[in-house]
Structure formats: C-alpha cells, structure tokens
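Working through the structure, step by step
Spelled out, the chains give:
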Amino acid sequence: MKLNDLRHGMAIWLVAVTAVSAAAAAEESFYLHPFERVQLTDTYYSEGANTGDINGDGVADVVHGPYWFAGPTFQEKFEIYPVKAQPREAYADSFFSWIYDIDQDGWNDVLAVGFPGTPAYVYQNPGGAGFDAHWKKHQVFDWVSNESPQFTNLVGDARPELVCSRDGAFGYATVNWDAPWQPWTFHAISGQVTAKRFGHGLGVGDIDGDQRFDVIAQNGWYRQPDDVKKVETGSTGLWEFHAAPFAQAGGAEMYAYDVDGDGDQDVITSLNAHAFGLAWHEQVRDGNQIAFVPHLIMGSKPEDNAFGTVFSELHTVALADMDGDGLKDIVTGKTYWSHHRQSPMWDAGAVVYWFKLVRGADGVDWVPHKIDSEAGVGRQVVVADVNGDDLLDVVVGGMKGSHVLLHRRKQVSEAEWRASQPSARKALAEGLSPEEAARHMTVPEGFQVQLAAGEPDVHQPIGFAIDHRGRLWVAEAHTYPRRAPTGEGQDKITILEDTTGDGRLDSRKVFIEGLNLVSGIEVGFGGVWVGAAPYLMFIPDRDGDDRPDGEPEILLDGFGYQDTHETLNAFIWGPDGWLYGCHGVFTHSRVGKPGTPDAQRVPLNAGVWRYHPQRHQFEVFASGTSNPWGVDFNDVGQAFVTACVIPHLFHMIQGARYHRQGGQHFNPYTFDDIKTIADHAHFVGNIRDHAWWGHEPTVPTDTSRAGGGHAHCGAMIYLGDNWPA
C-alpha cells in the first residue's frame, strides 16, 4: 500500500470513528429526578412510617402510627389501633413499623416498636374480616432498645429477625414461626456494652466477605460465627467483636457496602443522631486484619462538604440506587425537632436529601440532591417503589406528620441537566482569565453567569450605566486609588455594545480618556454625568454621535478625596428625575458650584446626595451610614442603600439621619440614629479580625460562609419578571 493510500485509509477510519462517537453522544439521554410531596397527615403520630400491601389489592399502602393509608392516592385511612396524637414537646410512643405477614395467613401484619426500652407488638391484619375494627394486638418481645433497630434477615434463614439491643446487650430476636404470637427469643451477641434503653447506630452487613451477615455498631462490628445455630444454643452465644471507631456519638442505620468498588465492604453511617455528620469508612486490609479509614461526607460546616451542604439530626439513613445507575446512594434528612431545642440547627429546614454515589479516577464523590424542604424525616426513612412506576420513592414520618415523596423522572437537554447539577464549593481564586472567573462564580439555584466583557475590553471598571439603546457605558479607573497630577489622568469612559444579541458585549469604543480619579457615571439629558473628585462633571453629547461635543463642564467642585475609597459614587437617576449618588464617612467634602464661598458650601461626609440636572441644585438627601457604594429605588420610589463595615442595608428617608461608622452628624441635636433594616451581617466576630484588612487575597472561612465580608459594592432592586422561581 502506498503512503497516500495509507493516509486515505486513516482518514476514512477517523471519519467513521467520529461518526460513531457523534451518534453515541446523540443517543445519550439526560434526566432530572424531582420529587412530588404527598402529605398523608400533618399530625405527629409516630417517628416512623413504612410501606407495603395491607389490603391485598396489589397496591402499596403506607403505615404511620395508628393509621394505614390506602394507596395509590393515600386519601383514605383506616385505624389499626386507637388514635392518639403524640405530644411534640415530648416523644411518641410509636417509633418504628415493619409490614410483614407474621402468621403466614396471606395478609401483611404490622410489627410496631415504640419508645426505646418498651415492648414490640404485632398488630394482626384482620384480612377478610374487613378493616372497620381495630386489629388484634400481640406483645411478642418485652424490651427493644437502640434507636435504629432492624427487622431483617441476619442469620441466613428464610425469614427476618429483629436486630436490636436489650438490657445493654446487642442481639437479635427470633420468631417461632409455628407459633408467632408466642414471645420471641432474644439471642445476645455481646455482653452489657451499650445503653440499656437508648443507644444510636446499628446495622447489618457482611463486613469480612464470608457470606454471613455481621452486626455493625457505633464502635465496631460483631462477626457472625461459622455456625450461628450452635452458638444460639451454646453457653454464651457471644460473637467476636472487632473495634472500629465508626461513630463516637452514634448515628442511625449503618450499612456495609462496597463504596469505592474495590471488592470489599466499607461502612456507611451518620455520626451523631442529634448533631452533625455523615461518613463512609473505607475498609483496608493487612493480611487478615481489617481496619477502616474514615471519609467525611458532610460535617458541621459547609466547608466540610464538597458542595457546601450541611444539616443536622441525621437520625435515619437508607441506602438505595435512586437513579438506576447500579450504585447505591444515601437517602437521609433532618429529623426535625428530634431533641427539641437541644440540637444544633434545630430550627433549620426539615430537609430530605439523596447523596448520589459517583466513582471516578480521583476517588469517590457523594453529590447531594435535595428531595424536599418541608417533610423532614423521623427515626425511620423508607425507600421503595410505592406507585409501581419503577422509580424509588421515599416514605417518612415524624414531627411534621407523614409524607410520601414520589419520585419523578424528567428527560431534559444536556444544557438544562448541567445547569441543574449541584455545584462543588470553590476556593477563592485570583489570577483567573475573565472566562475562568465567570465559570468559578457560585450563584444561587436557578441563576447562571455569562461573561459579558472582560480584559482587554474593560479594565478597572468602577461604575457603569445603561443608555436607552441598551449599551453599557463604563467608567474605567486606571489611576485609582490615587489622583494623578493635573493633566496626567488616565481614566476612560468606554461604550460596550452587544451587536449580535448573544449576551457578549462585542463592540467597544472609547468615548473620552484622560479623566482623573473617576468614580461615578450616569447617562442622560444629552450627555454623560461623571464623578471625579473634586468634581461633578457633565460631558455633553447632544447629537448622540458618541463623541464629546466639547470639554467636560464642571458643575460642582469641593468633593474631597482624603480617602479615595469614599468619594462620590454609585450614580443613579431617581424616580423624581434627580441624579442620586453616595459619599463615604472618612472623606470630607464642602460642595458648591465653582467659585462658591466656603461659608455657602454644603458639608458632606457620609450619606446620599442628589443633584437636579436642569435646575442645577445640589442637596444632601440623607445623612449617615459609613461608606455606601450602592443606592436604588423600589417600585414605589423608596430608596435603599448598601454600606460597608457597619450593618449593611438601610431604608433611606429624605432628611433622615442614620447610624454612622464614625464622627458626628453636622446637626448636633439628632436624638437618635435610624438603624439598619438587615437582621444579619456578612462577616462574623470582630470586624477587624474577620474583614479583609491585611488578609488579601484570602478571606476567613466563616466570613466567606456568612457572605464574603463587609465591602458591599453595589445595590439593585430587581423589578423585572425574569427572576428564577
């Protein structure tokens, strides 16, 4: 074959591969997984709920405390036992329920476990007799402790056991299936090593890979013996204990699962049922020795989670493949009001989440997806396909009542899918290109960032205005933070325009250059209004050709620049037709028309001022605040201002006097200052420790979490109709 033939063959092969790849990409589908909340009741009857077919119609029903709710609508409910709402200021007498045909008569019964340390009961399904009367109640076990009991197959026979603790010992209760209403037999697998009544954290799983389920506790695991039946009938019945610090305080249900795909069983657990923490523990082996390396999924602070997610009171955890990708995900949420006001973040939202397991070349991620913000969880979250659509739903019960969270699946475009994915927390960065900076920004859900203009098209922008054609006029402060010697100013005003409608400002022209210490800009009334201390200037362009008609006109002088951070700024037209602007507290101005005697000038050192563009009248609108750099008006013409250092948001009233960062009002007879309307700050602790002074370019984590610091540099009241829902 000739070289040209070889090249031709390679070209054909490359085209073919590209075509196949493009076809594969075209066939890839993208889905979102929203959930619909169905409220069964808003009354607190139980800390748990479960699902199964109660009436034998082949449709899943839901049990919550004294009621079962008939699927698929759950609108019709029937009493299992006498109904009594539980006191939210105390705790329920019903914690857990499981639906299982205990007496093997073809009708599912309800196994109920109440407050820790109390008996377990089975409510016998009346079946063909109908559901108008209460069910027959059988006490089957005298003492169920631990707040995460399991009704599951532990010892490998055909039917489940009740795994719990009793009188301080871990163990399991077996049923005499020939006489299931007789007391169940407890088999202790440990000595009295745990809480007699309460205790947190319990699970079942094959830790060592010997095909037998072990029992997992907060401080280690109990290996199931080779012949558990012999142990059950032996003198001690104790299982071999292997210490491992899974959860010091104890959390919820615990799971053995191969998280990282390396062939052995890792452990998943919440860390503190009434505080914070979710983790997986990676199994590592040295010969026959098994140890675990902890990996925190979510802690007590947003920075503990790769995506910034944090909530408390993870008192129940489920493990299930929520999106059908073959990997099991974590389902959990906030057990709202679990210890009333004793738990941290007790009054935060009653959220439910699923954490998607993602395996990659760099390891394991758990990507948080919020299922619901109102339902919360109790002590028992159950995942099952409730409505038969092959999607896993979530059933919860607790202080907020009982809910079914129905899983929907929505096919979307790749762009919509990517926009909806949780964003990983990003470290503060510097030296990024404009495109990288836009991608690096973190914005609330529903928002997105698109780069409109960046260097070299815009440099050191300190203010901008939008004209009637939708163009952006930008004040570029090249000499900031110092005023250059007279005649040596380098500041510019440029005009940026999107000529193609794609959101990028692709056209740039320079309107004027050679300005000095420019700090504010607005357009209108046949020209451009510019703040450049000590001046307020007007640059005429009455013919609209984007070229000045002449030299800048000095309208006012006397604006100070002792502190160039605090000169005249944030220009905006008010609803009354005046030009408004801000002024900082540590720059001292005496404003007037050129040539005005000092005694006739207007003193100004903190507040909002305004200037009438036709009457050429200047006045102070309101006095006080600190170094405000943003003012705007709502739909009824009321002004709001953002300030730095001190509380940051104020409702400005004409003639009023406001909280000052320092110094005295010019009127010494002010009775009291008007305070902020904000109920929070964007920094924590002492501002000198938590603001940016001397810390550039980093910012303390807690201040970042609170909003980034005190240097507020803009304000806008959005009055449009495109705000994300």
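Rules used throughout
- Residues numbered from 1 in each chain as written.
- Predicted model: local features only at pLDDT ≥ 70, side-chain atom pairs only at ≥ 80, totals over all residues.
- Heavy atoms only, no water.
- Helix = DSSP H or I, 4+ residues; strand = E, 2+ residues; numbered from the N terminus.
- Rg over C-alpha atoms; globule rule 2.2 N^0.38 Å.
- Buried < 20%, exposed > 50% of the residue type's maximum accessible area, 1.4 Å probe, protein only.
- Contact = heavy atoms within 4.5 Å.
- Areas by Shrake-Rupley, 256 points an atom, 1.4 Å probe, with all protein chains shown as cover.
- Lys, Arg positive; Asp, Glu negative; His and termini not counted.
- Charge placed at Lys NZ, Arg CZ, Asp CG, Glu CD.
- Phe/Tyr/Trp six-rings, centres within 6.5 Å; stacked < 30°, edge-to-face > 60°.
- Lys NZ or Arg CZ within 6 Å of the ring centre and 35° of its normal.
- Pairing = 2+ DSSP bridges.
- Axes fitted to C-alpha atoms, helices over the stretch in contact; angles between N-to-C directions.
- Core = buried A, V, L, I, M, F, W, Y, C linked by side-chain atoms within 4.5 Å.
- Polar contact = N/O pair within 3.5 Å; in protein donor to acceptor, adjacent residues only side chain to side chain.

Our focus in this paragraph is the overall build of the chain. When helices and strands are tallied, the chain shows 6 helices and 47 strands. The C-alpha radius of gyration of the chain comes to 34 Å, more than 25% above the 27 Å expected for a compact globule of 725 residues. Taken over the C-alpha atoms alone, the chain extends approximately 105 × 95 × 50 Å along its principal axes. Across the 725 residues of the chain, 47% fall into the buried class. Counting only contacts in the chain whose residues sit at least 6 apart along the sequence, the fraction spanning at least 24 positions is 51%. Per element, the accessible surface of the chain, about 34500 Å² overall, is 50% carbon and sulfur. Taken together, the 53 basic and 96 acidic charged side chains of the chain have centroids lying 5 Å from each other.

A word on the packing of aromatic side chains. Here the distance between the centres and the angle between the planes together describe a pair of aromatic rings. Going through the model one piece at a time under the given rule, you end up with 41 aromatic pairs. Ring centres of Phe571 and Trp609 lie 5.4 Å apart, and the angle between their planes is 85°; on these two criteria the pair is classed as edge-to-face. You can see Phe571 sitting in strand S38 (residues 569-573) and its partner Trp609 sitting in strand S42 (residues 607-611), a full 38 residues away along the chain. Accessibility classification places Phe571 together with Trp609 in one group, the buried group. Plain terms: the ring middles of Phe650 and Tyr658 are 6.1 Å apart, the flat faces sit at 80° to each other, and that makes the pair edge-to-face. Exposure remark for Tyr658: the relative accessible area of 0% places this residue in the buried category. One aromatic cluster is present, formed by Tyr91, Phe95, Phe96, Trp98, Tyr100, Phe115, Phe151, Trp177, Trp184 and Phe198 through successive ring pairs. The ring of Tyr31 has Arg409 sitting right over it, with the charged end atom 3.9 Å from the ring centre. Just above the ring of Tyr561 sits the side chain of Arg483; from NZ or CZ to the centre is 5.8 Å.

Hydrogen bonding along the main chain pairs the strands of a sheet, whether they run parallel or antiparallel. With respect to topology, 5 strands assemble into an open sheet ordered S38-S39-S42-S43-S47, the strand pairing being mixed. The open sheet has two edge strands, S38 and strand S47 (657-660), and neither has a second partner. For this sheet, the mean inter-axis angle between neighbouring strands, taken without regard to orientation, is 25°. Pairing analysis gives 5 bridges linking strand S39 (residues 579-583) to S42, with the strands arranged antiparallel. Each bridged residue has a counterpart across the sheet, and for Leu579 the counterpart in S42 is Tyr611.

Turning our eyes to something else, we now look at the nonpolar core. Counting 34 residues, the largest nonpolar core has Ile268, Ile330, Val331, Phe355, Trp366, Ile371 and Val394 as the members making the most contacts within it. Of all the elements in the fold, those that place two or more residues in this core are strand S18 (253-257), strand S20 (278-286), strand S21 (289-298), strand S22 (317-320), strand S23 (329-333), strand S24 (352-360), strand S25 (363-372) and strand S27 (393-398). The greatest single-element share of this core, amounting to 5 residues, is contributed by S24. When residues no more than four places from it in sequence are discounted, the contact partners of Ile330 are Ile268, Leu278, Ile297, Val317, Ala318, Leu319, Tyr353, Trp354, Phe355 and Trp366. In terms of nonpolar packing, the next biggest core, distinct from the first, is built from 18 residues, Phe96, Val140, Cys164 and Val175 among them.

Strand order in the open sheet formed by 4 strands is S2-S28-S27-S26, with antiparallel pairing between adjacent strands. The sheet terminates laterally at strand S2 (35-41) and strand S26 (382-384), the two strands that pair on one side only. Across the sheet, the mean angle separating the axes of adjacent strands is 20° when strand polarity is ignored. Pairing between S26 and S27: 3 bridges, direction antiparallel. Counterpart to Val383 in the pairing with S27 is Val394.

With that settled, consider the environment of Asp679. For Asp679, the position within the fold is in the loop between S47 and helix H5 (687-690). Residue Asp679 is classed as exposed on the basis of its relative accessible area of 74%. Taking the C-alpha atoms as reference points, Asp679 and Leu649, 30 residues apart in sequence, are found 9.3 Å from one another. Engagement of the side chain of Asp679 in a polar contact is seen with the side chain of His680, the distance being 2.8 Å.

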